[in-house]
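# Per-entry structural report
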Amino acid sequence: MSSSHLSSSSAVASSPKVLAGLGVSSRLLLCLGALSAGASVVFSAAFAHLPVFAAGVPTAVQTALSQQQFHSLGLLLVGLALGQRPASRALRVSGGLMLVGLVLFSFNLYARHIWGFDTFRALVPWGGSAWMAAWLCLAGAFVQADAPVHLGRS
């Protein structure tokens, strides 16, 4: 066997150890980020075929979908960072705010345009605000001088 094959085999074999060492918050955000990313693929396919969108997918729904995809990756990033610094309050708040943004922005817009559920329309901007605050919290977590975050292992 070549040395490159051996090194890639050992990397794959050590993956479960890395995941097993993650805390509950980290694994939860990683799981939710992956589920949200997968759901965005399902939603994208469904929106292309739903009769309610026969004339085309509204811009608001397309925006909600792209924001869901982007913030799903954000959840994965926060989950990975929490794996390195599980006690970081700023990281946990960032992950929570990204989840709040998904519900108040993306899922709210989906409900409004698919089912006509307009009760929580006023909360859409709060979802966007939650996302802005989430990214600020994430930035704050990365610049804290007392405990730097290292996403890669050396």
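As a reminder, the structure under discussion sits directly above these lines.
Residues numbered from 1 in each chain as written. Predicted model: local features only at pLDDT ≥ 70, side-chain atom pairs only at ≥ 80, totals over all residues. Heavy atoms only, no water.

## Re the overall build of the protein chain
Let me state the cut-off plainly: What counts as a helix is a DSSP run of H or I of at least four residues, what counts as a strand is a run of E of at least two, and both are numbered from the N terminus. When accessible area is computed with a 1.4 Å probe and restricted to protein chains, residues below 20% of their type maximum are described as buried, those above 50% as exposed, and intermediate ones as partly exposed. To measure how exposed things are, a 1.4 Å probe is used in the Shrake-Rupley method; for residues, cover is taken only from the protein chains shown.
Tallying secondary structure elements over the protein chain gives five helices and zero strands in all. Moving toward the C terminus, one meets the helices and strands of the protein chain in the order α-α-α-α-α. Here the protein chain, with 154 residues, has 31% of them falling under the buried criterion. As displayed, the protein chain has an accessible area near 8900 Å², and 70% of this comes from carbon and sulfur atoms.

## Some remarks on helix 4 (residues 89-115)
Residues that lie three or four places apart on an α-helix share one face, since the helix turns once every 3.6 residues. To be explicit about the condition: Expected span, for any helix, means 1.5 Å times one less than how many residues it has. To obtain the bend at a residue, axes are fitted to the seven residues ending there and to the seven starting there, and the angle between these axes is taken.
Helix length check: helix 4 (27 residues) gives 37 Å between terminal C-alpha atoms against 39 Å at 1.5 Å per residue, within 8%. At Phe107, helix 4 shows its maximal bend, which comes to roughly 30°.

## Remarks on the side chain of Gln68
Selection rule: By the convention used here, residues are in contact when the closest approach between their heavy atoms is within 4.5 Å.
Positionally, Gln68 belongs in helix 3 (residues 59-84). Looking at Gln68, the relative accessible area reads 0%, which means it is buried. Once residues within four sequence positions are removed from consideration, Gln68 is found in contact with Ser36, Ala39, Ser40, Phe43, Leu102, Ser106, Phe107 and Tyr110.

## Points about the packing of aromatic side chains
As a reminder of what qualifies: Only the six-membered ring of Trp is used, alongside the rings of Phe and Tyr, when aromatic pairs are assigned; centres must lie within 6.5 Å, and planes under 30 degrees apart are stacked while those over 60 apart are edge-to-face, with the rest tilted.
Within the structure shown, the criterion is met by nine aromatic pairs. With centroids separated by 5.1 Å and ring planes inclined at 70°, the aromatic side chains of Phe43 and Tyr110 adopt a geometry described as edge-to-face. On the criterion of sequence distance, the pair formed by Phe43 in helix 2 (residues 24-49) and Tyr110 in helix 4 is long-range, its members being 67 residues apart. Judged by its relative accessible area of 4%, Tyr110 is buried. Members of the aromatic cluster, joined through ring pairs, are Phe43, Phe47, Phe53, Phe107 and Tyr110.

## Some remarks on the pattern of salt bridges
What counts here: Just to be clear on terms, a salt bridge is a Lys or Arg side-chain nitrogen sitting within 4 Å of an Asp or Glu carboxyl oxygen.
Counted according to the given criterion, the structure contains two salt bridges. A salt bridge links Asp118 to Arg112, with the nearest nitrogen and oxygen atoms 3.6 Å apart. Take Asp118: its relative accessible area is 35%, and that puts it in the partly exposed class. Residues Arg121 and Asp118 are paired through a salt bridge, measuring 3.5 Å at the closest nitrogen-oxygen approach. One salt-bridge network, in which partners are shared between bridges, spans Arg112, Asp118 and Arg121.

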